[in-house]
Amino acid sequence: MHPPETTSKMASVRFMVTPTKIDDIPGLSDTSPDLSSRSSSRVRFSSRESVPETSRSEPMSDMSGATTSLGTVALDPASDRTSNPQDVTEDPSQNSITGEHSQLLDDGHRKARNAYLNNSNYEEGDEYFDKNLALFEEEMDTRPKVSSLLSRMANYTNLTQGAKEHEEAENITEGKKKPAKVPQMGTFMGVYLPCLQNIFGVILFLRLTWVVGTAGVLQAFAIVLICCCCTMLTAISMSAIATNGVVPAGGSYFMISRALGPEFGGAVGLCFYLGTTFAAAMYILGAIEIFLVYIVPRAAIFLSDDALKEPAAMLNNMRVYGTAFLILMVLVVFIGVRYVNKFASLFLACVIVSILAIYAGAIKSSFAPPHFPVCMLGNRTLSSRHIDVCSKTKEMNNMTVPSKLWGFFCNSSQFFNATCDEYFVHNNVTSIQGIPGLASGIVTENLWSNYLPKGEIIEKASVKSSDVLGSLNHEYVLVDMTTSFTLLVGIFFPSVTGIMAGSNRSGDLKDAQKSIPIGTILAILTTSFVYLSNVVLLGACIEGVVLRDKFGDAVKGNLVVGTLSWPSPWVIVIGSFFSTCGAGLQSLTGAPRLLQAIAKDNIIPFLRVFGHSKANGEPTWALLLTAAIAELGILVASLDLVAPILTMFFLMCYLFVNLACALQTLLRTPNWRPRFRYYHWALSFMGMSICLALMFISSWYYAIVAMGIAGMIYKYIEYQGAEKEWGDGIRGLSLSAARFALLRLEEGPPHTKNWRPQLLVLLKLDEDLHVKHPRLLTFASQLKAGKGLTIVGSVIVGNFLENYGEALAAEQTIKHLMEAEKVKGFCQLVVAAKLKEGISHLIQSCGLGGMKHNTVVMGWPNGWRQSEDARAWKTFIGTVRVTTAAHLALLVAKNVSFFPSNVEQFSEGNIDVWWIVHDGGMLMLLPFLLRQHKVWRKCSIRIFTVAQLEDNSIQMKKDLATFLYHLRIEAEVEVVEMFSFMS
């Protein structure tokens, strides 16, 4: 748009788009498409004076005198060449214009010269460093149009960052690229139903009735509500993270690792992987329990006539059948995951039909409850698996004969005069309705908890019985494990996991930013309603002793929740079996891919082998490892013991999802712009607190073990040095903490108790940019022992623009040397026209705020007497004067090349200190600090002082020893007397 015609000059600002990397735009690197190999855009600001319209048609050379352009120098990462930042006209005295001006003004559309630094056509000594404001530019022949740029940004890939597939996709030529598959899945099919399928699981059908009967309706409602609140708060945090960018396969691992860094991401990612793997074991154990207890009890391989050994035989059956099921499922997954996906809808249908059958049965029970009698001896519940009639006697051939029950409690099953159990004699056998129905009012009895130790008999408190102990008979329904509120929390929590299913499918969603929050939260609301309503319905419809009967012994071995269902208990049994098998297959499908995603990020070296896959992309090695770990869970052989393990790993994962969201929100990082707005850091912290509390409530020792595993993985990744920069929140937290600490240091001068040498080590470089005296760094590392501040500085003489590359190379050399000498600190390199000016700048400007050096360490100028160049000793004297003017301490190391290295250790020796001038005790402190290092640890300290003729040397020695005693420094004291020799 041209300015209006006028004869006066007007200043105008021009905005131009030039190519650069997307990573250079602050706040866009995490949420924008991965366009690191493509061009992107940056705004360049240039100014010019507008000229009359008539002059615009004149040649460019005529106009260039009235046109100015402002910019900075840019570097091309592809080469070390330098160029004139702008195209110049034939007249060097005239100001240059950029290539865009040239193309706009030239009718012939001539190709402009490269307007970057990578052009060596500038004249020596040109002041090119103030002509281009570009921070970073790539060398390109043509500059892309805005339309093509926006098209590239819109059609980005959502493959895993750093994954092999992503790299291959980038390397494929344009002609060979396959057309991208357009995501078509909506909220319902892509997020809502997968979340439902993953949340509803084996606990709902096998353990919810037992949880309600043991904890009571009120406490069971509280358990379910706490667990659902935990997942809801986590889902809110997850929605914020998921809508802040693309979440590829890996789900929560990618959320945490990209938000909290590779250390936390790897630790929690592996914990989530272990949780998913043990979930497969739990689902398989649940399927085997349904198969052996409720479908085909006769299929048991290990049998025992002894009731005491029957549980052990059942565990062995679980191990054998569980291993067989695991092998079968692994083969199915290995052959092709597409078969698992094809049956996913069938498994989901089984879950939905089973839940609807429970609601239908509850409604029907209000007017026509099903007939499931429960046999009671007094107030004690009897198992109906082995008895024929619920009575002590029965009629047979018009005769009253003892029943089977008589034989279980008496020493003879045929005679009435047999000796019987005392409790059996004094109490009657009665039958009660196992499913009284919704209108029976049984909920009043089921409101309260009934926690029992292992081996206790399940009793009905409202039924009166004789106060006789009797013997413990195994025909009673017994408690198989000691129960408590915390135990039930750990067992139930896995039934609310699975909220990550939608975020894992973000690449298949038409609008992931919208579908993930809505679908996940709706799925949690739906499942929470189902769980909470089931707690109330089960407590209102089923007798309490039946609810507490985990395996349905009182109702002839039927699945307890199946007794309530309509039209038949087999609807629940068959539906729960297939849905549990499907959930196991889903876990065995997802866990290897999660491990593969972690392995491909290459943050844990020993997992690299699991990043490989076969030709069709199936992670074979990861699948084998998953099967091996799942087998460990199956060998436990108890659903109630495996469930708390899952609880720990999933709670840890959810805890860090909440932490990631809270951290990003509080730090207010520029890239934190989630489309999901209904989140708050307080909600995330609440979710994190609930997760942590549930971990220790359910099992404090499991919680410690899980946190220990995560801590070891974290330290291992940190030790290996994961060279990943994902713009994570931990780095932002470190910056915020550093800023806070620096501001606190500014509040006042340090106390003398806190004083320690904060070193600025001045190094000299030779012509090849190598450090002349590396032992100076060795001395610094021995003096500091990794504590306090160490800044290693050096000066390169020259022009910064010309010697920038040398400065970077020298900086890398010094950093490598610092790493070799184990010096923990910072490197500061200055390019200055004169050496003494550079040293002065270092002494004045190194450090930040309160973190500044208070001591300068430098080497003695060797051979300065023989040197013809007076600059050596003049530079040294100037450094001493600048250090003194800055009120800093100065340590000069003479003959530093003879100083011991870090690998040498003195078995004996002395550190001599000549204390001539009182310096506040610093000379006393230096040998003490040196002795903290292993090289000097076995050396003794000797303090020498000089006594004048008029001094009392004996008193001086006593005073010095007292002074050292108060300083708490062990040293020998020597006083050297000075004699005056008269001529």
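Computed from a prediction, not measured in an experiment: that's the story for all the values here.

The rules we used
- Residues numbered from 1 in each chain as written.
- Predicted model: local features only at pLDDT ≥ 70, side-chain atom pairs only at ≥ 80, totals over all residues.
- Heavy atoms only, no water.
- Helix = DSSP H or I, 4+ residues; strand = E, 2+ residues; numbered from the N terminus.
- Contact = heavy atoms within 4.5 Å.
- Areas by Shrake-Rupley, 256 points an atom, 1.4 Å probe, with all protein chains shown as cover.
- Core = buried A, V, L, I, M, F, W, Y, C linked by side-chain atoms within 4.5 Å.
- Buried < 20%, exposed > 50% of the residue type's maximum accessible area, 1.4 Å probe, protein only.
- Pairing = 2+ DSSP bridges.
- Axes fitted to C-alpha atoms, helices over the stretch in contact; angles between N-to-C directions.
- Left-handed = near helix turned anticlockwise from the far one by under 90°.
- Nonpolar A, V, L, I, M, F, W, Y, C, P; charged D, E, K, R; others polar.
- pLDDT = per-residue confidence, 0-100.
- Disulfide = S-S within 2.5 Å.
- Salt bridge = Lys/Arg side-chain N within 4 Å of Asp/Glu carboxyl O.
- Polar contact = N/O pair within 3.5 Å; in protein donor to acceptor, adjacent residues only side chain to side chain.
- Parallel < 35°, antiparallel > 145°, perpendicular 65-115°, else oblique.

Participant: So what exactly am I meant to see when it comes to the overall build of the chain here?
Facilitator: Within the chain one finds 30 helices and 17 strands. By sequence separation, contacts in the chain at least 24 residues apart represent 78% of the contacts at least 6 residues apart. A total of about 49500 Å² of accessible surface is found on the chain, and carbon and sulfur atoms cover 59% of it.

Participant: I would appreciate a short explanation of the nonpolar core in the present structure.
Facilitator: Buried together is how nonpolar side chains tend to be arranged in soluble globular proteins. Met-282, Phe-492, Phe-493, Met-500, Tyr-531, Ile-542 and Phe-656 are the most contacted members of the largest nonpolar core, which has 176 residues in total. Looking at this core element by element, the count peaks at 23 residues for helix H9 (residues 262-295). When sequence neighbours within four positions are dropped, the list of residues in contact with Phe-492 reads Ile-203, Leu-208, Ile-223, Val-224, Cys-227 and Tyr-531.

Participant: Looking at this model, I keep getting lost on the pairing of strand E5 (residues 373-377). Mind explaining?
Facilitator: If a strand is regular, its side chains alternate between the two faces of the sheet. A large share of E5 lies buried, amounting to four of its five residues. Between E5 and strand E6 (residues 380-381), which follow one another and run antiparallel, lie two residues, and Gly-378 among them has a positive phi close to 65 degrees.

Participant: Mind showing me how you'd approach the packing of helix H5 (residues 187-199) against helix H16 (residues 512-541) here?
Facilitator: When two helices pack together, their arrangement is given by the angle between the helix axes and the distance between those axes. Contact geometry of H5 with H16 gives a least axis separation of 8 Å together with a crossing angle of 35 degrees. Pair H5 / H16 crosses with right-handed handedness. Residues Thr-187, Val-191, Tyr-192, Cys-195, Leu-196 and Ile-199 of H5 form the contact with H16, whose participating residues are Ser-515, Ile-516, Ile-518, Gly-519, Thr-520, Leu-522, Ala-523, Ile-524, Thr-526, Thr-527 and Tyr-531. In terms of residue class, the contact of H5 with H16 is made up of eleven nonpolar, six polar and no charged.

Participant: I tried to follow the confidence of the model for the chain on my own but got confused; where do I start?
Facilitator: The predicted coordinates should not be examined in detail at positions where pLDDT is low. Across the chain, the average pLDDT comes to 78, with 77% of residues at or above 70. Counted against residues more than four places away or in other chains, residues 1-143, with its pLDDT under 50, gives 249 contacts. Long-range and interchain partners of residues 152-175, a stretch whose pLDDT sits below 50, account for 37 contacts in this model, where long-range means more than four residues apart.

Participant: Sorry, what's going on with the state of the cysteines here?
Facilitator: Between two cysteines, a covalent bond joining their sulfur atoms is known as a disulfide. Inspection of the entire model under this criterion finds two disulfides. What pairs with Cys-375 in a disulfide is Cys-390, and their sulfur atoms sit 2.1 Å apart. Across the S-S bond linking Cys-375 and Cys-390, the dihedral sits near 95 degrees, which makes this disulfide right-handed. Of the two residues, Cys-375 is situated in strand E5 and Cys-390 in the loop between E6 and strand E7 (393-396); the sequence distance between them amounts to 15 residues. Judged by its relative accessible area of 3%, Cys-375 is buried. Across the chain, the way the bonded cysteines pair up, counted in sequence order, is 1-2, 3-4. Not engaged in a disulfide, the cysteine Cys-581 finds its nearest cysteine sulfur in Cys-350; these two sulfurs lie 9.7 Å apart. By relative accessible area, which is 11% here, Cys-581 ends up buried.

Participant: When you look at the sheet that holds strand E12 (residues 826-832) in this model, what are you seeing that I'm missing?
Facilitator: Strand pairing in a sheet relies on backbone hydrogen bonds, with the paired strands running either antiparallel or parallel. Reading across from one edge, E12-E11-E10-E13-E14 is the order of the five strands in this open sheet, with parallel pairing throughout. The two strands at the open ends of the sheet, each matched to only one other strand, are E12 and strand E14 (889-893). The average undirected angle you get between the axes of adjacent strands in this sheet is 25 degrees. Where strand E11 (residues 790-797) and E12 come together, seven bridges link them in parallel fashion. Within E12, the residue paired with Val-797 across the bridge is Ala-832. Contacts from helix H27 (residues 835-845) reach strand E10 (759-763), E11, E12 and strand E13 (855-859), with the element oriented near 155 degrees to E11.

Participant: Help me understand the pattern of salt bridges, please; the structure alone is not making it clear to me.
Facilitator: Two side chains of opposite charge can pair, provided their charged atoms sit close to one another. Taken as a whole and assessed by the stated rule, the structure comprises twelve salt bridges. Of the charged contacts, one joins Lys-460 and Glu-543 as a salt bridge, the two residues approaching to 2.6 Å between their closest N and O atoms. With Lys-460 in the loop between strand E9 (429-433) and helix H15 (485-492) and Glu-543 in the loop between H16 and helix H17 (544-547), this pair connects stretches of sequence that are 83 residues apart. As far as the burial class goes, Lys-460 and Glu-543 line up, both buried. Arg-942 serves as the salt-bridge partner of Asp-912, at 2.8 Å between the closest nitrogen and oxygen. Of the two residues, Asp-912 is situated in strand E15 (residues 910-914) and Arg-942 in strand E16 (residues 940-947); the sequence distance between them amounts to 30 residues. Salt bridges here are not isolated pairs; linked through shared partners, they connect Arg-207, Glu-289, Asp-480, Lys-550 and Asp-640.

Participant: Hey, could you run me through the side chain of Ser-794 in this one?
Facilitator: For Ser-794, the position within the fold is in strand E11. In this structure the side chain of Ser-794 is engaged in a polar contact, spanning 3.0 Å, whose partner is the backbone oxygen of Leu-763. Beyond its immediate sequence surroundings of up to four residues, Ser-794 is in contact with Leu-763, Leu-765, Ile-814, Gln-828, Leu-829, Val-830 and Leu-842.

Participant: It is not clear to me how helix H29 (residues 922-931) should be interpreted in this structure. Could you clarify?
Facilitator: Two residues of an α-helix separated by three or four positions point the same way, owing to the 3.6 residues in each turn. Within H29, the full set of buried residues consists of Met-922, Met-924, Leu-926, Pro-927, Leu-929 and Leu-930. Buried residues in H29 make contact with helix H25 (775-784), E13, E14, E15, E16 and helix H30 (953-967).

Participant: When you look at the sheet that holds E9 in this model, what are you seeing that I'm missing?
Facilitator: Read across the sheet, three strands follow the order E6-E5-E9 without closing on themselves; strand pairing throughout is antiparallel. Unpaired on one side and paired on the other, E6 and E9 mark the two borders of the sheet. Examined bridge by bridge, E5 and E6 share two bridges and lie antiparallel to one another. The partner of Met-376 across the bridge, within E6, is Thr-381.

Participant: Before we go on, may I ask you to explain the pairing of E16 in this structure?
Facilitator: With five bridges joining them, E15 and E16 adopt parallel strand pairing. Opposite Asn-910, over in E16, you have Ser-940 as the bridge partner. In this structure, E16 lies alongside strand E17 (residues 972-977), joined through six bridges in parallel fashion. Note on E17: the bridge partner recorded for Ala-947 is Glu-977.

Participant: What am I meant to see in the environment of Lys-836 here?
Facilitator: Of note, Lys-836 is situated in helix H27. Each C-alpha atom of the pair Lys-836 and Val-797 lies 9.6 Å from the other, and the pair is 39 residues apart in sequence.

Participant: Would you mind showing me how to read the packing of helix H10 (residues 310-335) against helix H20 (residues 620-636) here?
Facilitator: At their nearest, the axes of H10 and H20 sit 10 Å apart, and the two run at 165 degrees to each other. In this view, H10 runs roughly antiparallel relative to H20, as classed from their interaxial angle. Where H10 crosses over H20, the two elements pack in a sense that is right-handed. On the side of H10, the interface is formed by Met-318, Arg-319, Gly-322, Thr-323, Leu-326, Val-330, Val-333 and Phe-334, while H20 contributes Thr-620, Leu-623, Ala-627, Ala-630, Glu-631, Ile-634, Leu-635 and Val-636. The residue makeup of the contact of H10 with H20, split by class, is eleven nonpolar, three polar and two charged.

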